[in-house]
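Examining the three-dimensional arrangement
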Amino acid sequence: MGYPVDMSIHLNAEPGQIAETVLLPGDPLRAKHIAETFLENPVQHNTVRGMLGFTGTYKGQRVSVQGTGMGIPSCMIYTEELITQYGCKNLIRVGTCGSYQEDVRVRDIIIGQAASTDSNVNKIRFGEKTFAPIADFELLLRAYQIAQERGFRTHVGNIMSSDTFYHDDFDQYKIWKDFGVLAVEMEAAGLYTVAAKHGVRALTILTVSDHLITREETTSEERQLTFNGMIEVALDAALGLGQKA
Ligand SMILES: O=P(O)(O)O[C@H]1O[C@H](CO)[C@@H](O)[C@H]1O
Ligand SMILES: O=c1cc[nH]c(=O)[nH]1
């Protein structure tokens with residue numbers, strides 16, 4: 001059964017203050033940037049732990065943006081509370097990642113069709129059986145078509161949600177690369193699992209911020225303040241989206 005979620009411990013928004021569609025960057029300052037750049041009349045709905053969250057409108061539709069922090073456990077806390085306490089239905093992670101593949105370049109967009117993981121979270125849930133965390137197909141299709149129309153270099157496929165940013169063995173990524181995994185980040189497998197548990201839509205859209213093969217990197221300022229292409233893809237993909245059947 002787990003811990004009963006009958007109040008929101010990590011979000012102090014009022015009931016009804018968070019929209020059904022929520023963009024989820026790991027970085028709370030990217031949440032602020034998204035709200036200030038893309039939303040009309042943004043109102044800050046969360047202050048707890050400095051994990052900034054805002055709600056406004058985008059092309060006439062209410063949209064929220066909520067930082068989740070880094071890693072699957074942090075992301076799962078926010079997404080569980082967003083769904084069970086605030087009725088959120090469409091959860092779209094907008095994050096950064098490190099590319100595993102030669103042809104997936106820095107600043108390319110990746111849409112996470114599925115998320116592999118080295119995390120234990122689903123072993124706690126499913127024991128030795130393996131759950132495959134996947135994206136919502138309709139959201140994925142919409143995002144892919146929008147990204148294609150706009151001419152963004154876009155890749156769709158399996159991503160890796162790791163519990164470790166600084167691995168002792170740097171080359172451990174090669175097993176994932178050899179099996180076609182596109183890139184590493186730290187939250188999608190948790191997000192997709194929580195969404196599946198509650199029957200809501202989830203998608204992960206990433207911009208490649210660094211490359212494990214070429215070692216090319218972007219700055220933390222660029223990660224916080226740019227990568228606007230994926231934000232617009234996420235916002236437009238959620239426009240007029242009905243509830244999951
Ligand atoms: O840019 P965000 O969304 O935080 O995503 C990536 O960046 C962080 C690591 O630097 C991890 O959270 C990883 O998933
Ligand atoms: O290499 C990277 C880049 C972004 N996020 C990660 O988790 N790893």
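Only a predicted model underlies this, so the values are computations on that prediction, with no experimental measurement involved.

Rules of the game
- Residues numbered from 1 in each chain as written.
- Chains lettered and ligands numbered in written order.
- Predicted model: local features only at pLDDT ≥ 70, side-chain atom pairs only at ≥ 80, totals over all residues.
- Heavy atoms only, no water.
- Helix = DSSP H or I, 4+ residues; strand = E, 2+ residues; numbered from the N terminus.
- Salt bridge = Lys/Arg side-chain N within 4 Å of Asp/Glu carboxyl O.
- Buried < 20%, exposed > 50% of the residue type's maximum accessible area, 1.4 Å probe, protein only.
- Axes fitted to C-alpha atoms, helices over the stretch in contact; angles between N-to-C directions.
- Parallel < 35°, antiparallel > 145°, perpendicular 65-115°, else oblique.
- Left-handed = near helix turned anticlockwise from the far one by under 90°.
- Contact = heavy atoms within 4.5 Å.
- Nonpolar A, V, L, I, M, F, W, Y, C, P; charged D, E, K, R; others polar.
- UniProt positions renumbered as here; feature names shortened; annotations may be inferred.
- Expected span 1.5 Å × (residues − 1).
- Arc of directions from axis to C-beta.
- Polar contact = N/O pair within 3.5 Å; in protein donor to acceptor, adjacent residues only side chain to side chain.
- Near = heavy atom within 4 Å.
- Areas by Shrake-Rupley, 256 points an atom, 1.4 Å probe, with all protein chains shown as cover.

**Some words on unusual backbone geometry**
- Phi is positive for R107, close to 80 degrees, though the residue is something other than glycine.
- For R107, the position within the fold is in the loop between β5 (90-99) and β6 (109-117).
- Positive phi is not limited to glycine here, since R215 has a value of about 65 degrees.

**Examining the pattern of salt bridges**
- All told, the structure shown has 14 salt bridges when counted by the stated rule.
- Across the salt bridge formed by D236 and R150, the nearest N and O atoms sit 2.8 Å from each other. Taken together, the residues span a long stretch of sequence, with D236 in helix α8 (residues 228-237) and R150 in the loop between α4 (137-149) and β7 (154-161) at a distance of 86 residues.
- Taking relative accessible area as the criterion, D236 reaches 10% and is therefore assigned buried.
- Exposure remark for R150: the relative accessible area of 37% places this residue in the partly exposed category.
- Look at the salt bridges and you will find they share partners, linking D136, E138, R142 and R201 into a network.

**Overview of the packing of α4 against α8**
- Closest axis-to-axis distance for the α4/α8 pair is 9 Å, and the angle between their directions is 130 degrees. Looking at the two axes, α4 sits oblique to α8. In this structure, α4 crosses over α8, and the sense of that crossing is right-handed. Contacts between α4 and α8 involve L139, R142, A143, I146 and A147 from the former and V233, D236 and A237 from the latter.
- A breakdown of the residues in the contact of α4 with α8 according to their chemical character gives six nonpolar, no polar and two charged.

**Considering the UniProt feature "domain: Nucleoside phosphorylase" (unreviewed entry) in the protein**
- Within this numbering scheme, the UniProt entry marks residues 22-228 as carrying the feature "domain: Nucleoside phosphorylase" (unreviewed entry).
- Between the first and last C-alpha atoms of residues 22-228 the distance is 16 Å; the span itself is 33% helix and 30% strand.

**Re the packing of helix α2 (residues 72-86) against helix α6 (residues 188-198)**
- Interaxial distance between α2 and α6 falls to 8 Å at its minimum, and their mutual angle equals 25 degrees. Relative to α6, the element α2 lies roughly parallel. Handedness of the α2/α6 crossing: right-handed. Of the residues in α6, those touching α2 at I72, C75, M76, T79, E80, I83 and T84 are A189, G190, L191, V194, A195, K197 and H198.
- By residue class, the composition of the contact of α2 with α6 is eight nonpolar, four polar and two charged.

**Comments concerning α4**
- Taking 1.5 Å of rise per residue, the 13 residues of α4 would be expected to cover 18 Å, and the 18 Å separating its terminal C-alpha atoms lies within 8% of that figure.
- Every buried residue belonging to α4 is among L139, L140, A143, I146 and A147, and all of these are buried. In an axial view of α4, the angular spread of the buried residues amounts to 135 degrees, which keeps them on one side of the axis. Every exposed residue of α4 that faces more than 90 degrees away from the buried side is listed here: F137 and E149.
- Among the structural elements, β5, β6, β7, β9 (201-211) and α8 are those in contact with the buried residues of α4.
- Sitting at the amino-terminal end of α4 is D136, which places a side-chain oxygen 3.3 Å from the backbone nitrogen of E138.
- Among the residues trailing α4, G151 stands out with phi positive, at a value near 75 degrees.

**Side note on the side chain of Q66**
- Within the secondary structure, Q66 is located in strand β4 (residues 61-66).
- At 3.0 Å, the side chain of Q66 forms a polar contact with the side chain of H45.

**So, the site of ligand 1**
- Taken together, G26, D27, R30, M70, R93, G95, T96, F165, E185, M186 and E187 make up the full set of residues near ligand 1.
- One nitrogen or oxygen atom from the side chain of R30 is found 2.6 Å from an oxygen atom belonging to ligand 1.
- Between ligand 1 and T96 there is a distance of 2.6 Å, counted from an oxygen atom to a side-chain nitrogen or oxygen.
- Across the complex, the protein chains shield 88% of the 340 Å² of accessible surface that ligand 1 would expose by itself.
- It is β5 that provides the largest number of residues to the shell around ligand 1, a total of three residues.

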